[in-house]
Amino acid sequence: MKLEQALEAVKNEKAEVLLKEMYGDNAAANVERYSHVARSFAERFGEGEFEFFTSPGRTEISGNHTDHNLGKILAGSINLDCVAAAGVSNSNMVHIYSETYDQNIVIDLADLEPGKQKTGTVALLKGILKGFKRAGHEIGGFNAFVTSNVISAAGVSSSASFEMLICCMIDYLFNDNKLTVKDYARIGQFAENAYWDKASGLLDQMACASGGLISIDFNTPDMDVENIDFSFDQIGYDLFIINTGKGHADLSADYSSIPNEMKKVAAFFGKKVLADCSLEELLANLNEVRAYAGDRAVMRAFHFFTENDRVDTAVKALKEKDYDTFLQVITESGNSSWKWLQNCYTISDYNEQSISIALALTEMYLKKLGKGVCRVHGGGFAGVIMAVIPKENSAEYKEYMSSKMGEENVYIMNIRKHGSVHLEF
């Protein structure tokens, strides 16, 4: 569609329903947001044909740092997202303008090899394009205007949201929309592993791409995914994300230490990942494993095995509508991340503990309240925490945390059912 058609489309009845599903009470504001994206695309790239695309950030309920060792997770997409207008350019160039980060990126499809410095958006985009090619899919030149309100470097997967947005564009524009969300996720993982040297798993990409609340067992032949019909609204709670004010973009070494140390424990048993080992084996050989892999690696392995059990318990509780148990699992998962996984602050700068401060503040509040839960969110070390607060106390909690962390850092989220998709208004 062209500009005038797009501006009409975002106001029609179908768009109204779809935007309400994705953004809830913020649907009206997003009509103007999509209109702005359409106008901006036309201003930058001319009056050509384009399509709308969206890709959400994600929230992690349980399964913290288990995916890279083929564990289990429970996660969902949220109503913060990347939005784009994109169209085929009939050239050999990919031209993307990111409004949020003021980046004007041009990539020649003839040059998709990784650079010496494996960082930044250009490297990530090259990795995605290369990922499509190596999987036997088509790529081509296109133009795109992108804007995002997914919190950057803060544990809600702004990078994975962007990756899945680009995958969705390339799939729709050049591959007849035939790829699956698992294809998207594996391409995103390849880009991060090979072009960023980041030892990431598939949790972030799958949660962004799939939409809704999902559980995944990564230690299955085809990465079994189960969709779960649930939102915190259903049980009278609000989902909060608190940005603690320090991002984790410069903490890749801390992030990568977790899968590497878990895999070192697995290596003691001649395995590649912890999913192929058991807690019983570890306990039976504890002293030898401590000597081989180190105590922190053992603690992180303890977290892995018990976290998998917690995901099973949480999923069972949701299916049985046992919400007290479900909320208790979130607390237990968060405590394990803090004490056993040890990803609430970096030992390279132990004086900076913004995650721990936010958790402590929330725990003191929840103790007085007598209900609600909280946990570290995402990769950890810095970034955000998650809190689940009864709706009748949401305004009070928001004011409380805003006074400590800044009003601009306190977000009330919803789980949205739409993942990374091309929008047909």
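Quick notes on the rules
- Residues numbered from 1 in each chain as written.
- Predicted model: local features only at pLDDT ≥ 70, side-chain atom pairs only at ≥ 80, totals over all residues.
- Heavy atoms only, no water.
- Phe/Tyr/Trp six-rings, centres within 6.5 Å; stacked < 30°, edge-to-face > 60°.
- Helix = DSSP H or I, 4+ residues; strand = E, 2+ residues; numbered from the N terminus.
- Buried < 20%, exposed > 50% of the residue type's maximum accessible area, 1.4 Å probe, protein only.
- Lys NZ or Arg CZ within 6 Å of the ring centre and 35° of its normal.
- Contact = heavy atoms within 4.5 Å.
- Pairing = 2+ DSSP bridges.
- Expected span 1.5 Å × (residues − 1).
- Patch = residues over 30% accessible without salt bridge, like charges linked within 9 Å, V, L, I, M, F, W, Y side chains within 5 Å.
- Areas by Shrake-Rupley, 256 points an atom, 1.4 Å probe, with all protein chains shown as cover.
- Salt bridge = Lys/Arg side-chain N within 4 Å of Asp/Glu carboxyl O.
- Axes fitted to C-alpha atoms, helices over the stretch in contact; angles between N-to-C directions.
- Parallel < 35°, antiparallel > 145°, perpendicular 65-115°, else oblique.
- Left-handed = near helix turned anticlockwise from the far one by under 90°.
- Nonpolar A, V, L, I, M, F, W, Y, C, P; charged D, E, K, R; others polar.
- Disulfide = S-S within 2.5 Å.

### What to know about the packing of aromatic side chains
- One pass over the full model with this rule turns up 23 aromatic pairs.
- For the ring pair Tyr365 and Tyr400, a centre distance of 5.3 Å and an interplane angle of 25° mean the geometry is stacked. Placement of Tyr365 in helix H13 (residues 354-369) and of Tyr400 in helix H14 (residues 391-405) is noted, with a sequence separation of 35 residues between them.
- Overall, the relative accessible area of 10% leaves Tyr365 in the buried class.
- A relative accessible area of 21% places Tyr400 in the partly exposed class.
- One aromatic cluster in this structure is built from Tyr23, Tyr34, Phe41, Phe45, Phe50, Phe52 and Phe425.
- Over the ring of Tyr97 we find Arg44, and its NZ or CZ is 3.7 Å from the ring centre.
- Against the face of Tyr292 rests Lys264, its NZ or CZ located 5.8 Å from the ring centre.

### Side note on the side chain of Ser161
- Position of Ser161 relative to the elements: it lies in helix H5 (residues 158-174).
- On the basis of relative accessibility, which here comes to 0%, the residue Ser161 falls in the buried class.
- Not counting residues within four places of it along the chain, the set of residues in contact with Ser161 comprises Ser55, Pro56, Gly57, Cys82, Val150 and Cys208.

### Comments concerning the pairing of strand E7 (residues 224-228)
- Sheet analysis places strand E6 (residues 213-217) next to E7, joined by five bridges and oriented antiparallel. Counted as the bridge partner of Ile214 is Asn227 from E7.
- Linkage of E6 to E7, two consecutive antiparallel strands, is achieved through a turn of six residues, within which Met223 is found at a positive phi near 55°.

### What to know about helix H4 (residues 120-134)
- Its 15 residues place the ends of H4 21 Å apart at the C-alpha level, agreeing with the 21 Å of an ideal helix rising 1.5 Å per residue.
- Of all the positions in H4, only Ala123, Leu124, Leu125, Lys126, Gly127, Ile128, Leu129, Gly131 and Phe132 are classed as buried.
- Among the structural elements, strand E3 (93-98), strand E4 (103-108), H5 and helix H6 (181-195) are those in contact with the buried residues of H4.
- A positive phi of about 85° marks Gly136, the residue just after H4.

### Here's the deal with a nonpolar patch on the surface
- A cluster of nonpolar residues, Tyr345, Ile347 and Tyr350, forms a patch on the protein surface that exposes about 350 Å² of accessible area.
- For Tyr350, the position within the fold is in the loop between helix H12 (323-341) and H13.

### Here's the deal with the packing of H5 against H6
- Here H5 crosses H6 at 125°, and the two axes come no closer than 9 Å. In this view, H5 runs oblique relative to H6, as classed from their interaxial angle. Classified by chirality, the crossing of H6 by H5 is right-handed. Taking contact as the criterion, the partners of Ser159, Glu163, Met164, Cys167, Cys168 and Asp171 in H5 are, on H6, Tyr184, Ala185, Ile187, Gly188 and Glu192.
- Per-class residue counts for the contact of H5 with H6 are six nonpolar, two polar and three charged.

### Digging into the state of the cysteines
- Tallied over the entire structure, the rule returns zero disulfides.
- No disulfide involves Cys167; its sulfur sits 8.7 Å from the nearest other cysteine sulfur, which is in Cys168.
- There is no disulfide at Cys344, and the cysteine sulfur nearest it, in Cys374, is 9.7 Å away.

### A closer look at the sheet that holds strand E9 (residues 373-376)
- With antiparallel pairing, the four strands of this open sheet are ordered in space as E9-E10-E8-E11. In the strand order of this sheet, the two ends are held by E9 and strand E11 (410-413), each with one partner. On average, each strand axis in the sheet is tilted by 25° relative to the strand beside it, whichever way the strands run.
- Sheet topology note: the strand E8 (residues 237-243)/E11 ladder contains four bridges and is antiparallel. Residue pairing across strands places Ile242 opposite Val410, the latter belonging to E11.

### A short note on the pattern of salt bridges
- Throughout the structure, instances matching the rule amount to 21 salt bridges.
- The residue Asp25 makes a salt bridge to Lys20 at a minimum N-O spacing of 3.6 Å.
- Among the residues examined, Asp25 registers a relative accessible area of 75% and is labelled exposed.
- You can call Lys20 partly exposed: its relative accessible area is 47%.
- Notably, a salt bridge pairs Glu261 with Arg296, separated by 2.5 Å at the nearest N-O pair.

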